[in-house]
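Letter by letter, the chains look like this.
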Amino acid sequence: MLKKLLSGLFGGGGQGAAESSANAAEPVEYKEYLIVSQPDNQSGQYRVSGWIRRLDSEGVTQEHRFERSDMLPGREACDAMMITKAQRYIDEVGEAMFAHDPRQKEQN
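Residues numbered from 1 in each chain as written. Predicted model: local features only at pLDDT ≥ 70, side-chain atom pairs only at ≥ 80, totals over all residues. Heavy atoms only, no water.

Some words on the packing of aromatic side chains
Defined as follows: Planes of paired rings set the category: under 30 degrees apart is stacked, over 60 is edge-to-face and the rest tilted, where pairs are Phe, Tyr or Trp rings (Trp by its six-membered ring) whose centres lie within 6.5 Å. Here a helix means four or more residues in a row that DSSP labels H or I, a strand means two or more in a row labelled E, and each is numbered from the N terminus. Geometrically, a lysine NZ or arginine CZ counts as sitting over a ring once it is within 6 Å of the ring centre and also within 35 degrees of the ring normal.
For the structure shown, the criterion picks out 2 aromatic pairs. Taken together, a centroid distance of 6.3 Å and an interplanar angle of 15 degrees make the contact between Y33 and F98 stacked. Placement of Y33 in strand 2 (residues 33-37) and of F98 in the segment after helix 2 (75-93) is noted, with a sequence separation of 65 residues between them. Note that R68 overlies the ring of F66, its terminal NZ or CZ placed 3.9 Å from the centroid. Its guanidinium or amino end placed over the ring of Y89, R68 lies 5.4 Å from that ring's centre, counting from NZ or CZ.

Examining the nonpolar core
Here is the rule we go by: Throughout this description, the term nonpolar core refers to a set of buried Ala, Val, Leu, Ile, Met, Phe, Trp, Tyr and Cys residues connected via side-chain atoms within 4.5 Å. In this scheme, a residue with accessible area under 20% of its type's maximum is buried, one over 50% is exposed, and one in between is partly exposed, where area comes from a 1.4 Å probe on protein chains only.
I52, I90 and M97 are the most contacted members of the largest nonpolar core, which totals 15 residues. If you list the elements that add at least two residues to this core, you get strand 2, strand 4 (45-55), strand 5 (61-72) and helix 2. Ranked by the residues each element gives to this core, the list is headed by helix 2, at 5 residues.

Spatial relationships are all this shows, so hold off on functional conclusions.
Shown next as structure tokens:
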């Protein structure tokens, strides 16, 4: 399943392609989710941000942009904090993170 998930997530560089200047770290699997740290480099500080992804029952990739205000001086520490915070978010929110947000306008 992990191989299928990875190929689906990184195969085409589709709509959810990251727009940050920093390179994405290797994905970390946690409870059937993939956590991808991609911190935003801001003047030598790294902002905790990235993606939480998973395949739904039809094999379609769902993703949630995960950004926090935390800033760290080192990339490795930032990646570690991203993973820790994303795991906690997954434990607390679960698949509800992919639910439609009524505050956002629908795209036609």
